[in-house]
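Structural overview
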Amino acid sequence: VPEGPHNIASMISSQLDPRLVRLLKTATSLADRRGWKAYLVGGAVRDLLLGKSTFDLDILVEEHGLKFAREYARLGKGTFKIYRRFYTALVIFPGGLKVDVTTTRSEEYPRPGALPEVVPASLEEDLLRRDFTINALAVSLNRSSFGRLIDRCGGRRDLEEGIIRVLHPRSFRDDPTRIFRAVRFQQRFGFSIEAGTEELIRSAVSIKMFEAVSPERLRRELELIMKEPHPARAFAAMARYDELRFIHPDLVFSPAQLQSVERLEKDCRWFKKQFGGNGLSAWRMYFGALIWPLGAEELEKTGKKFNLSQKVLKQLVRAKRDEKILSGSLSSPGDLPPSRIFSALEKLDPEIILILMSRFASSRARTRTKDYLVKLRREKLEISGQDLKKTGLLPGPRYRKVLRRVLLARLDGEVRSRRDELALARRLIDKTRND
Ligand code: ATP
């Protein structure tokens, strides 16, 4: 971060998308007209100072945030949703641009880890309730002081020095999820966690602060970590601070695990390049990989606790149980008919297959798995249920069986045309009739 004036108006206009700049200008005129004080806060200010552009705007308004949100939405022809309990609102503008609007507030924690009681407060108090100094910066949006940086906690210096630092010693006690946020920002920016803050993390972990936090809140923070480009390093940092025990008391993250999750990151990039990135759930994939070392039973319990869907959990446990068999058959030397590769993996979603693949030591097994993902799983038949109907076979579960058998034959090159497929389907149907 270059040492600059205490005004970052020029960074706003040069780094932000012009549509966002226009939205901020609208905020300025609204706040001025009504005599309210409005600020840009949080991640956007941090990212601007780091020279990055950002799409997530948080606007903080003294006292009148909710009224501001309503009028802001009207001026920008958008819609808004109010979360009254937290004095916050989400304004959605045409084209999908979103701005969070909050009223300055401070938080009181009835007990460690519980959701805070929220009370209105001044800007200063609002900045002091935040997680780290680098996130406790504000920029004035009113015209007379537009762009003025408000830095009560030394956030700018910590940004320059690359340091994650809490604002006060009770921070992790108030909200233990910040233990995970610290690791996320540390990994994302390549920062270090300040020694005092590190001590506080260790002591919060040792007194098992996390037992007070619901799995839902913990999951939300974990999901954010898994959306970062390098979750593997964050997992290693979580292990170093002994944070994994809050997921499961026996969970470890060995160097071998680190290696396979790093490979998973690469494979995931490869997959996204092949298929345009749609449909992969980072959460399912990386959470599955993280809890993989637990035995099948504990894996299932932990998955349930963090609300993995039944379907994903079933696949995960199945893959875990069959890992050795799958790895053995997929790495076998000599020819392996495509139909065998298909049968080995067909019941698993790509996320689970990628976890398995990242764990296969044999390059033959990896190549075959890639072949499944790229080609085999997308192979289609030329015939369909309609054709089976015409043969007089009554619709039912046999349709699926017959079509699957024809598909396996097609994968192995035994049938090559619609006529072949139909002939094989007929033979199979006759056979089931005779059986
Ligand atoms: P990202 O770039 O990942 O979106 P962000 O800093 O914008 O990072 P958010 O989770 O969107 O993160 O939060 C917005 C702001 O709200 C943060 O910058 C921080 O000031 C504050 N905040 C969020 N979560 C907490 C928390 N658990 N405790 C205290 N302050 C928080």
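Let us look at the structure shown here. This is a predicted model, so every value here is computed, not measured. (Residues numbered from 1 in each chain as written. Predicted model: local features only at pLDDT ≥ 70, side-chain atom pairs only at ≥ 80, totals over all residues. Heavy atoms only, no water.)

Along the chain, Thr369 falls in helix α18 (residues 363-374). Those residues in contact with Thr369 that lie beyond four places of it in its chain are Leu330, Leu345, Ile353, Met357 and Phe360. (Helix = DSSP H or I, 4+ residues; strand = E, 2+ residues; numbered from the N terminus. Contact = heavy atoms within 4.5 Å.)

Backbone geometry at Lys77 places phi at a positive 55 degrees, although glycine is not the residue there. Among the structural elements, Lys77 can be located in the loop between α4 (65-75) and β3 (79-83). For Lys77, a relative accessible area of 69% puts it in the exposed group. One non-glycine residue, Asp242, lies in positive phi territory at about 65 degrees. Take Asp242: it is sitting in the loop between α11 (231-240) and α12 (255-275). (Buried < 20%, exposed > 50% of the residue type's maximum accessible area, 1.4 Å probe, protein only.)

For the rest of this paragraph, the subject is the nonpolar core. Counting 116 residues, the largest nonpolar core has Ile59, Phe68, Tyr72, Leu222, Met238 and Ile247 as the members making the most contacts within it. Aside from chain neighbours lying at most four places away, what touches Phe68 is Ala27, Leu30, Ala31, Trp36, Ala38, Ile59, Val61 and Val101. Val402, Ala409, Val415 and Ala425 belong to the second largest nonpolar core, which has 13 residues in total. (Core = buried A, V, L, I, M, F, W, Y, C linked by side-chain atoms within 4.5 Å.)

Before going further, it helps to examine the pairing of β3. The pairing of β3 with strand β4 (residues 88-92) spans five bridges and is classified as antiparallel. Residue pairing for β4: Lys81 is matched across the bridge by Leu90. Taken together, β3 and the strand that follows it, β4, pair antiparallel across an intervening segment of four residues, in which Tyr87 is found at a positive phi of about 55 degrees. (Pairing = 2+ DSSP bridges.)

By the definition in use, this model includes 31 salt bridges. A salt bridge links Arg129 to Asp126, with the nearest nitrogen and oxygen atoms 3.5 Å apart. Summarising the burial analysis for this pair, Arg129 and Asp126 share the class buried. Note that Arg181 and Glu221 form a salt bridge whose closest N and O atoms lie 3.5 Å from each other. Residue Arg181 is located in helix α8 (residues 178-189), and its partner Glu221 is located in helix α10 (residues 215-227); the two are separated by 40 residues in the primary sequence. The structure contains a network of salt bridges with shared partners spanning Asp131, Arg181, Arg184, Arg188, Glu221 and Glu228. (Salt bridge = Lys/Arg side-chain N within 4 Å of Asp/Glu carboxyl O.)

This part covers the site of the ligand. Looking at the ligand, there are 15 residues lining it, with Arg46, Asp175, Arg178, Arg184 and Arg188 nearest. One of the side-chain N or O atoms of Arg181 is found 3.3 Å from a nitrogen atom in the ligand. Within the side chain of Arg188, one N or O atom sits 2.6 Å away from an oxygen atom of the ligand. Burial of the ligand by the protein amounts to 77% of the accessible area it has alone, namely 590 Å². Counting only elements with at least two residues in the shell around the ligand, the list comes to α3 (43-49) and α8. Broken down by element, the shell around the ligand gets its largest block of residues, five residues, from α8. Looking at the shell around the ligand residue by residue, the class counts come to one nonpolar, three polar and eleven charged. (Near = heavy atom within 4 Å. Polar contact = N/O pair within 3.5 Å; in protein donor to acceptor, adjacent residues only side chain to side chain. Areas by Shrake-Rupley, 256 points an atom, 1.4 Å probe, with all protein chains shown as cover. Nonpolar A, V, L, I, M, F, W, Y, C, P; charged D, E, K, R; others polar.)

Here we come to helix α20 (residues 397-411). When the terminal C-alpha atoms of α20 are compared, their 22 Å separation across 15 residues agrees well with the 21 Å that a helix rising 1.5 Å per residue should span. Those residues of α20 that fall on the buried side of the exposure criterion are Tyr399, Val402, Val406, Leu407, Leu408, Ala409 and Leu411. Of the residues one or two after α20, Gly413 is the one with positive phi, at around 80 degrees. (Expected span 1.5 Å × (residues − 1).)

Turning to its location among the elements, Pro231 is positioned in helix α11. When the C-alpha atoms of Pro231 and Glu265 are compared, they prove to be 7.9 Å apart, with 34 residues separating the residues in sequence.

To continue, consider the environment of Leu403. Position of Leu403 relative to the elements: it lies in helix α20. Note: C-alpha distance between Leu403 and Glu216 (187 residues apart in sequence) is 42 Å. Excluding residues that lie within four positions of it along the chain, Leu403 makes contacts with Leu381, Ile383, Ser384, Gly385 and Leu388.

Strand order in the open sheet formed by seven strands is β3-β4-β5-β2-β1-β8-β9, and the pairing between neighbours is mixed. The outermost strands of the open sheet, each flanked by one partner alone, are β3 and β9 (149-150). Note: strand β1 (residues 38-41) against strand β2 (residues 57-61), four bridges, orientation antiparallel. Note on β2: the bridge partner recorded for Leu40 is Ile59. Taken strand by strand, helix α2 (residues 18-34) contacts β1, β2 and β5 (98-103), and its axis lies near 5 degrees from that of β2. The sheet strands contacting α4 are β1, β2, β3, β4 and β5, and the helix crosses β5 at an angle near 155 degrees. (Axes fitted to C-alpha atoms, helices over the stretch in contact; angles between N-to-C directions.)

This brings us to the packing of aromatic side chains. To describe a pair of aromatic rings, you give the distance between the ring centres and the angle between the ring planes. All chains considered together, the criterion is met by twelve aromatic pairs. Ring centres of Tyr72 and Phe93 lie 5.0 Å apart, and the angle between their planes is 75 degrees; on these two criteria the pair is classed as edge-to-face. With Tyr72 in helix α4 and Phe93 in the loop between β4 and β5, this pair connects stretches of sequence that are 21 residues apart. The residues Tyr72 and Phe93 share a single accessibility class, namely buried. Considering the side-chain rings of Phe132 and Phe185, the 6.2 Å spacing of their centres and the 80 degrees angle between planes classify their relative orientation as edge-to-face. You can see Phe132 sitting in the loop between α5 (123-128) and β8 (138-140) and its partner Phe185 sitting in helix α8, a full 53 residues away along the chain. Accessibility classification places Phe132 together with Phe185 in one group, the buried group. Ring pairing ties together the aromatic residues Trp36, Phe68, Tyr72 and Phe93, which thus form one cluster. The ring of Trp270 carries Lys370 above its face, with NZ or CZ at 4.7 Å from the centroid. Looking at Arg377, its charged tip hangs above the ring of Phe275, at a distance of 4.9 Å from the centre. (Phe/Tyr/Trp six-rings, centres within 6.5 Å; stacked < 30°, edge-to-face > 60°. Lys NZ or Arg CZ within 6 Å of the ring centre and 35° of its normal.)

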